[in-house]
Every structure is written in structure tokens, then in C-alpha cells.
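This is what each chain is made of:
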Amino acid sequence: MDFSLTTEQREIRELANKFAKNEMIPYAQEYDERGTFPIDQFKKAWELGFINTCIPSEFGGSGFSSVDSVVISEALAYGCMGMNTAFMANDLALLPIVIGGTTEQKKKYLTPFTQEFKIASFCLTEPGNGSDAGGIKTIIKDGGDHWIINGSKMWITNAGYADLFVVYGTIDPALKHKGISALIVEAKSEGIELGKKEDKMGHRSSDTRGVRFNNVKVPKENMIGKPGDGWGIAMSTLDHSRPLVASSALGGAQRALDLSIQYSKERNQFGVPIAKHQAIQFMIAEMGMKVEAARLLTYKAAWLCDQGIRNTEVASYAKAFASDSCMQITTDAVQIYGGYGYSKEYPVEKLMRDAKLIQIYEGTSQIQRLVMARELIK
Amino acid sequence: MNIFVCVKQVPDTETKITPTGDGSFIETASIKWIMNPYDEFAVEQALLIKQSNPAANVTVVRVGPTKDTEALRTAMAMGADDAILVETNENLDSYSIAKALKGAIAKSGKTADIILTGKQAIDDDALQVPQVLAEMLNLPSVSVIVGFEVSGNAIKVKREIEGGALEVYELGTPCVIACNKGLNTPRYASLPGIMKAKKKPMTQLSLTDVGVSDSDRRVKYSQFRLPPEKPPGKKFEATDPAKQNDVVSQVVGLLRTEAKVI
Ligand SMILES: Cc1cc2nc3c(=O)[nH]c(=O)nc-3n(C[C@H](O)[C@H](O)[C@H](O)COP(=O)(O)OP(=O)(O)OC[C@H]3O[C@@H](n4cnc5c(N)ncnc54)[C@H](O)[C@@H]3O)c2cc1C
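Rules and cut-offs
- Residues numbered from 1 in each chain as written.
- Chains lettered and ligands numbered in written order.
- Predicted model: local features only at pLDDT ≥ 70, side-chain atom pairs only at ≥ 80, totals over all residues.
- Heavy atoms only, no water.
- Helix = DSSP H or I, 4+ residues; strand = E, 2+ residues; numbered from the N terminus.
- Rg over C-alpha atoms; globule rule 2.2 N^0.38 Å.
- Buried < 20%, exposed > 50% of the residue type's maximum accessible area, 1.4 Å probe, protein only.
- Contact = heavy atoms within 4.5 Å.
- Areas by Shrake-Rupley, 256 points an atom, 1.4 Å probe, with all protein chains shown as cover.
- Lys, Arg positive; Asp, Glu negative; His and termini not counted.
- Charge placed at Lys NZ, Arg CZ, Asp CG, Glu CD.
- Near = heavy atom within 4 Å.
- Polar contact = N/O pair within 3.5 Å; in protein donor to acceptor, adjacent residues only side chain to side chain.
- Nonpolar A, V, L, I, M, F, W, Y, C, P; charged D, E, K, R; others polar.
- Domains from an automatic or database assignment.
- Phe/Tyr/Trp six-rings, centres within 6.5 Å; stacked < 30°, edge-to-face > 60°.
- Lys NZ or Arg CZ within 6 Å of the ring centre and 35° of its normal.
- pLDDT = per-residue confidence, 0-100.
- Buried area = accessible area lost by both parts, 1.4 Å probe.
- Salt bridge = Lys/Arg side-chain N within 4 Å of Asp/Glu carboxyl O.

**Brief notes about the overall build of chain A**
Check the secondary structure of chain A and you find ten helices and ten strands. For 378 residues, the compact-globule estimate of 2.2 N^0.38 gives 21 Å, and chain A sits close to it at 21 Å. With the C-alpha coordinates aligned to their principal axes, the bounding extent of chain A is approximately 80 × 45 × 40 Å. For chain A, the residues scored as buried account for 56% of the 378 residues in total. Relative to all contacts within chain A whose residues are 6 or more apart in sequence, the contacts with residues 24 or more apart total 75%. Accessible surface, chain A: about 16,400 Å² in total, of which carbon and sulfur atoms supply 54%. Seen as two clouds, the 43 positive and the 44 negative side-chain charges of chain A have centres 3 Å apart.

**Quick word on the site of the ligand**
All names here are of chain A. In the region of the ligand, 18 residues are neighbours, and Thr125, Ser131, Trp155, Thr364 and Gln366 sit closest. Here Ser131 contributes a side-chain N or O atom positioned 2.6 Å from an oxygen atom of the ligand. One of the side-chain N or O atoms of Thr157 is found 2.8 Å from a nitrogen atom in the ligand. Protein burial of the ligand: of its 970 Å² of free accessible surface, 65% is covered by the chains. Of all the elements in the fold, those that place two or more residues in the shell around the ligand are β3 (146-157) and α10 (365-376). Residue composition of the shell around the ligand, grouped by class: nine nonpolar, seven polar and two charged. In terms of domain composition, the shell around the ligand takes at least three residues from each of domain 2 (120-227) and domain 3 (231-377).

**Digging into the packing of aromatic side chains**
Applying the stated rule across the entire model yields 17 aromatic pairs over all chains. Ring centres 3.8 Å apart and planes at 10° place the aromatic pair Phe37 of chain A and Tyr161 of chain A in the stacked group. Highlighted residues: Phe37 of chain A in the loop between α1 (7-34) and α2 (39-48) and Tyr161 of chain A in the loop between β3 and β4 (164-170), separated in sequence by 124 residues. Classification of Tyr161 of chain A by relative accessible area gives partly exposed; the value is 36%. On the numbers, 5.3 Å between centres and 85° between planes, the contact of Phe25 of chain B with Phe224 of chain B is edge-to-face. Pair noted here: Phe25 of chain B is in the loop between β2 (9-11) and β3 (33-35) and Phe224 of chain B is in the loop between β11 (202-206) and α6 (244-257), with a separation of 199 residues, a long-range link. Given the relative accessible area of 28%, Phe25 of chain B is considered partly exposed. Feature note: the residues Phe37, Phe42, Trp46, Phe87, Phe117 and Tyr161 of chain A constitute an aromatic cluster, connected by ring pairs. Its end group placed over the ring of Trp147 of chain A, Lys220 of chain A keeps NZ or CZ at 4.6 Å from the ring centre.

**Describing unusual backbone geometry**
Note that the residue after Thr173 of chain B, namely Pro174 of chain B, is joined by a cis bond; omega there is -5°. Looking at the secondary structure, you find Pro174 of chain B in the loop between β9 (166-171) and β10 (175-179). Although it is not a glycine, Glu362 of chain A sits at a positive phi angle of roughly 60°. With respect to the secondary-structure elements, Glu362 of chain A resides in the loop between α9 (348-358) and α10.

**Digging into the environment of Ile26 of chain B**
Residues and elements named next belong to chain B. Residue placement: Ile26 occurs in the loop between β2 and β3. When the C-alpha atoms of Ile26 and Asp81 are compared, they prove to be 33 Å apart, with 55 residues separating the residues in sequence. When neighbours within four sequence positions are excluded, Ile26 is seen to be in contact with Ile17, Thr18, Pro19, Thr20, Ile31 and Phe224.

**A closer look at the confidence of the model for chain B**
In the predicted model, chain B carries a mean pLDDT of 93, and 100% of its residues have values of at least 70. The ipTM, which scores confidence in the relative placement of chains, is 0.77 for this predicted complex, and the corresponding pTM is 0.88.

**Some remarks on the interface of chain B and chain A**
Taken residue by residue, the interface counts twelve residues in chain B and 18 residues in chain A. Carbon and sulfur atoms supply 61% of the area that chain B and chain A bury against each other, a total of about 1,400 Å² over both sides. When residues of chain B are sorted by the area they lose upon contact with chain A, Tyr188, Leu191 and Ile194 of chain B head the list and together hold 51% of the total. Of the charged contacts, one joins Glu14 of chain A and Lys32 of chain B as a salt bridge, the two residues approaching to 3.1 Å between their closest N and O atoms. On the surface where chain B and chain A come into contact, there are six residue pairs in polar contact (both at pLDDT 80 or more). For the side of chain B that touches chain A, the per-class residue count stands at six nonpolar, one polar and five charged.

**Here's the deal with the domain arrangement of chain B**
Where the parts come together, the accessible area they lose is often given as the size of the interface. For chain B, the assigned domains read domain 1 (2-216) and domain 2 (230-262). Centre-to-centre, using C-alpha coordinates, domain 1 of chain B lies 46 Å away from domain 2 of chain B.

**Comments concerning the pattern of salt bridges**
Proximity of charged atoms lets side chains of opposite charge pair with each other. A full pass over the atoms with the stated rule returns 33 salt bridges over all chains. As a salt-bridge pair, Glu74 of chain A and Arg295 of chain A come within 2.7 Å of each other at their nearest N and O atoms. Here Glu74 of chain A, found in helix α3 (residues 66-79), pairs with Arg295 of chain A, found in helix α7 (residues 278-307); they are 221 residues apart in sequence, far enough to count as distant. Under the relative-accessibility criterion, Arg295 of chain A is labelled buried at 19%. Among the ionic pairs, Lys8 of chain B bridges to Asp123 of chain B, the shortest N-O distance being 3.1 Å. Of this pair, Lys8 of chain B sits in the loop between β1 (2-6) and β2 while Asp123 of chain B sits in the loop between β6 (114-118) and α4 (129-137), and the two are 115 residues apart along the sequence. Residue classification places Asp123 of chain B among the partly exposed positions, given a relative accessible area of 35%. The network of salt bridges with shared partners includes Asp32, Lys344, Glu349 and Arg353 of chain A.

Given below as C-alpha cells:
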């Protein structure tokens, strides 16, 4: 057993840490306040190779392993969980093509993302169907030499800036899961209507919107797999993406821990730094324990994925544990900062708001437990 | 054109420095090493020259232990072509380091056209190596430069002097140039750069290979210890307007007699 990262992974982490420190942290607070989309950071991160980590090298990508990508995402989320959501959404959207696409589709749609800066969105959730994704109502109709999409999507990350959408719909709602199909849709297609940007509690720099598809025509060759393959592709996508989302929570939790340690040594009450009070020490110990456990789960889920071993169960452990821990840790960080923690002048209240989302998207913490139980009690 | 960049590996700026028990050096086991920040400007300058001069070859040279080769690998990930490491675990003085660099450049088999360095290393702040190296090589040198321009065969450099004024120098090649902050914005090493760096050649030499021996030592370090802790600052209560005059004259008095700054 070997818990160490390779030299290369350490260098990658070093670079991502530096990027987070210099390019993300100084802007995180202001972008959050104003809801500014981090387009400059996104572009720079792309130039350095941090974006689209899922694209294999044969299609122009860097050929990163799943472990490599969680190393990067943890470091960037340390800089800002909200910006990292925008960055990560590209991977979430492109993964279905990596997993289920043909060579032609990969060449046509993945390679351009390695040649120039482009943004992608993953469209699964609908106003009426979130956790129950198998019940989505967006209809994909056979139009002869093309598909026609009709329906509404909700909470779509990056939608306002996307060049490409990967859209899930059904060929027949009566078929339930068996009808789900995935299409690659170019943003310039006619009939795509964007909703207004959501005014969110956290991750305010990321762009989240509803998207309507009104009779949008899509070439026949843009279906990923066959009609009805969509559910399987979505489930494999989650096995890859959940470790990534877990690593985002991990990065945020580590930041909250580091800030708490630093602040508790600087703040004096009752004549001593508050770090001398056992109640504070115990909170910090608890944070450290959870961060370490979340890291082990996250890295293991990614490692299993790289080994080609089914990771559904561990990926759910990682996603739920890392995000629930991040929520607890960031809440405690606010507690350790006391009144100052509740003020926007200090960085921890934002961490607490940002943490909340990671318990919700990519399968809520409740849904993760459903998955775990299903895997455990077969 | 051959460009050599001398880089040093220094403790990360956030490192808490602790002298070893016997005071012979500092504890190095848990230090995170980074490239000396001023050397990053030198590497960036070399890469900028290479950009407009694709035939140019950029070699990074470092004297130090093999265990951590971050600085060289980072420089190659940024775009340098190859690296030379003169291996030693000793804490050498500026003279020996300059001599080792000279020896390493000679051993490379390439004739140096431009040698770039940082103006100083942020660990020992000696500000000597570039000047000593230039003297040893009998080359012109300018330090603390904030502007660099190639015009024909000449190099025009600018250095900041007292009061923010700029001195402009024109040099021929070969020469030694020591870089300061403000010269450029060092690029990040990209991820593909990190991958490519793995395949770039790194030559390892010993001190003997570069002709440095114990007799070259000019400075012997007798002891490393932390500076005495700063006494806490003095606070003066001046909320009562009636007492403010007194407080001010008290402060001025102490600034004269105790702090001796006015
Ligand atoms: C900022 C943001 C960005 C997002 N980005 C994207 C994106 O890019 N693409 C995309 O497709 N989606 C995206 N989503 C959607 C996200 O994945 C969903 O919000 C999430 O899956 C939950 O669905 P819901 O909001 O409809 O909640 P619901 O499914 O209505 O859930 C409400 C509550 O009920 C619980 N619940 C539901 N079913 C069960 C059950 N069977 N057992 C126990 N508890 C249950 C849930 O855990 C939750 O607590 C995003 C959401 C947000 C907020």
C-alpha cells in the first residue's frame, strides 16, 4: 500500500496551489459579492491545463488519471469553491462524451476544447425532476434525419456561457430509465432559450440558469450511444464525477481548517489565544480528522476509478462524507471566528455558504445514502 | 545563442526557520523548497529571449543537494531546455558557488552568450554570486535590472537607482545580468510543461567535476541562531484630550532617546 502522490502529482498540486493563492483567493470574496463570472481565471486555468482534465491524450487532452484530476480540483477549490464549480462543470459535461461517445464524436467535440477555450454545460435536472432524474420529461423526438428536443432544464451550471450542452431527455417517458438518451447540442442551435441567472446563497460567481429547448434540431449522429443508453452513461459519469465533486468539498474544508488554526492562534480571549481553550482545540481536532478521512475516501474513489474497479459505493461515501464534513467544518470555522466569522469582512462565512451546495448537487447527501444502501444491501 | 540561468532553491517564504541543535545550519528536513523568487524573473527573461529567438537554448544551473530538485524541474516545466545540477550537501559560500557555476557552464560544452541570475537569494541575502561569477569569467555585469531589451548585437538594460530614477546600460555579449522584481511577470509552469519536463535532460556533476574544493571557501559559517525576539511595542493612552500634549512629548522623547530614530 502506498499513500503518497507521485512526483508529478506533487508538482501538479504545487502549481494548482500557487494558482489558487495568486489568481483565485484575492478575487473570491469580491466575485462572490457581485456574482461575477470568473472568466479570466477560467481562461488562465485552461491555458495551464487545469480544465477538461477528463479528455484523453489521443483527443488532445493531457491524459490525466482520476487521481490527478482530484488533486487539481482539491487545490483549486481551496482557492474558491464557487469558481471551481464553473471549472469543474466542463468536465461534468464532457465526461458523457468521453465515456459513451464514438471516436468521431470525441474528435469533433472533445478536441476543440483542447485547442481553444470553450465552456460546456451538463443538462440533466429539470424544474420538476432533480433527485428523481429517471423521471425527466424533456422529450427527444425522431425527426427523420435529425432529433428534436423539447423541454426545460433547471440549475444548469455555466449555461449562460456555454458553447456546448450535453442534454438528457427521454424518447418516451413511459419507458422510465430505459427511455433516457443523451444528445450533444451546440449552443448556437436554434430554439435554445436561457433563463436569468439565479441569485444564489453561495457559489455566486458560478453561472446557474434554467435552459429551455424549443423544437431544437440536433443531427442524428449527435446522440451519445443509442436511444435508451442515456441512463447507463449518466450513471458511469457519476462514478467519475463524484470523486471530483468530493474533492471540491475537500478543498473547501481544508481551507476552513487552515483559517481556523491561524485565527485561533491570533485571537486572544481571557488572556490567552483561543487555541489554548480546549473547546476550540477539540473543534479543530474534529475538523482535521474529518478532512483526513474525506481525503482518504475521495482519493480511494478516484483510485478505484483509475483501476477500472467499480467505485459506485465508495464514490458515494466520498461525495456524501466530504460534503457533509465540509458543511460541519465550515460551520465550526464560523464558530471559531465568533462574531467576525459572521461578517463578510472575513473569509469563513462564504465557505459556509459555499459548502451547502456540495451537499445538494450531483446527488444530494440523501440520494448518496440511497446509493450506498442499494450497493450494500443487494 | 546559449542562455544560462543560475537558480537557487530556497525555503518557501512561509517557512518557520529553526537553527539545528548545534547551530551549524538550519533544520532542513521539513522545509518546502521553492525556486528563489528573483531567479524566476531570470528564467522568465531567458524564455522571453528564446521566444523571439527560437534557436536559443536555455540551460538552468543549480548548485545544491539532489534530494529536492524542484527549482530545476520548475524551470524546465516553464520552458527551459535542459538543466545542470552540481551536487553538494554543503552550505557553500558565494565564492565557491560562483566558481561551481563557472565550472558547470564550462563543462556544458556550450559557450554562454547571456548568463542570467536573480539579484539575490532570499535565504542568505548575500547579493554576491552574480558579481563574483562575472569577475571570474571576466565579463561585464549589471545587477538589479528592471528592464531588458535586445537591440541588434547589444543588450540594453535598465536598473532602478535611489529615488526611483533609472540607469540605462548597453552591454555586448557575453555578459552576466542579475534580475530584480518588476522586470517581467514569470509565467506559470503549465501542466503539459510539467509532463514535458520529465523528459528533458538533467546533467549531474560533482564539486570535483567543476573544480571546487575546500580550499575555495572564503567564508566559514560559525553559527546560525534566531534573532532576539522583538520586545513588545509600547502603547500610549491618549483618549483624554487634556493629557494629549504630555503623551505627545513623551512619545517624541522616547523616539529620540530610546528608539533613536529622530
Ligand atoms: C447551484 C446549482 C448548480 C447545479 N448545476 C447543475 C448542472 O450543471 N446540471 C444539472 O443537471 N443539475 C445541476 N444542479 C441540480 C442538482 O443536481 C439538483 O438540485 C439536485 O440533484 C437535487 O434536485 P432538486 O433540487 O430537484 O431537489 P429534490 O430532488 O426535489 O430534493 C429535495 C429534497 O428531498 C430529498 N429527497 C428527494 N428524493 C429523496 C428520496 N428518494 N429519499 C430521501 N430523500 C429524498 C433530497 O435529498 C432533498 O433534500 C445544480 C443545482 C444547483 C443548486
